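# Notes for the structure review
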Amino acid sequence: HYGNSLCAINPDGSLKWKKDSIYSSYGGNAISDEGEVFAFDRFSSILYGLSQEDGSLLWTASISQGRLLCSTGVIYAIGYDEVRALDSKTGIQLWSYQSSLQSLGRENTPVINSSNQLLLWGYSSSESSHKIEAISIATGSKQLSIAVQSSYQGEMLLGSDGVIYLGSSNSI
């Protein structure tokens, strides 16, 4: 995007469409397989659902977080200590999860595993440790919490074999 606009660029480099006055960055954009583009404006705290074809506005939702992940018709908005699942076609909230972990969406993007769980990685100040939480993508309920002896250093990655890879500034 250029400045305060979200732009769609054709494969030949020409401008397909431009949506002004959306200031999104730092993981605040996502795209669905169904033809929607999502952009979180971090200044207005508005999540925009846009048509992939022409950039027309489909819906808006007021949210406080902006790291986005889209999968199977659901957009996951990940914030400092909360995850909200919204229907990608309507923007209607499906569920919300309040985590004991902090910095969930600030510097890393959660992943979805083959067990249909959203994996979150963050710091639990109440336990003074880093943890991975697995929450159900269907209900938003916590299914697992694992303490990890690691200091955060990058993205969490998930291998095709289910192994989780974490960047660490110390040994795990």
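Everything here concerns the structure above.
Just so it is clear, the model here is predicted, and its values are computed rather than measured.

## A word on the overall build of the chain
Helices and strands together make up the secondary structure of the chain, namely zero helices and 16 strands. Classification of the 172 residues of the chain by burial places 45% in the buried group. Intrachain contacts of the chain at a sequence separation of at least 6 include 31% that bridge at least 24 residues. Counting every atom, the chain has about 8,700 Å² of accessible surface; 48% of that belongs to carbon and sulfur.

## Quick notes on the sheet that holds strand E14 (residues 142–148)
In a beta sheet, neighbouring strands pair by backbone hydrogen bonds and run either parallel or antiparallel. The four strands are arranged E11-E12-E13-E14 in an open sheet whose pairing can be described as antiparallel. What marks the edges here is a single partner per strand, and that holds for strand E11 (111–112) and E14. Here six bridges tie strand E13 (residues 129–136) to E14, and the two strands are oriented antiparallel to one another. When the sheet's bridge partners are listed, Lys 131 is paired in E14 with Ala 147.

## Some points on the pattern of salt bridges
Evaluation of the coordinates by the stated rule reveals three salt bridges. Notably, a salt bridge pairs Lys 18 with Asp 20, separated by 3.7 Å at the nearest N-O pair. Residue Lys 18 is classed as partly exposed on the basis of its relative accessible area, which comes to 46%. The partner of Glu 133 in a salt bridge is Lys 142, and the shortest N-O contact between them spans 3.9 Å. On the basis of relative accessible area, Lys 142 is assigned to the partly exposed category, the value being 45%.

## So, the pairing of strand E4 (residues 36–41)
Among the six residues in E4, six count as buried, and that is most of the element. In this structure, strand E3 (residues 29–31) lies alongside E4, joined through three bridges in antiparallel fashion. Residue pairing in the sheet places Asn 29 in a bridge with Ala 39 of E4. Here E3 folds back onto E4 in antiparallel fashion, the turn holding four residues, of which Gly 35 has a positive phi close to 100°. Pairing between E4 and strand E5 (residues 46–51): six bridges, direction antiparallel. Across the sheet, the residue bridging to Val 37 is Leu 50, located in E5. Counted between consecutive antiparallel strands, the loop separating E4 from E5 contains four residues, among which Ser 45 sits at a positive phi close to 60°.

Reading the values: the criteria
Residues numbered from 1 in each chain as written. Predicted model: local features only at pLDDT ≥ 70, side-chain atom pairs only at ≥ 80, totals over all residues. Heavy atoms only, no water. Helix = DSSP H or I, 4+ residues; strand = E, 2+ residues; numbered from the N terminus. Buried < 20%, exposed > 50% of the residue type's maximum accessible area, 1.4 Å probe, protein only. Contact = heavy atoms within 4.5 Å. Areas by Shrake-Rupley, 256 points an atom, 1.4 Å probe, with all protein chains shown as cover. Pairing = 2+ DSSP bridges. Salt bridge = Lys/Arg side-chain N within 4 Å of Asp/Glu carboxyl O.

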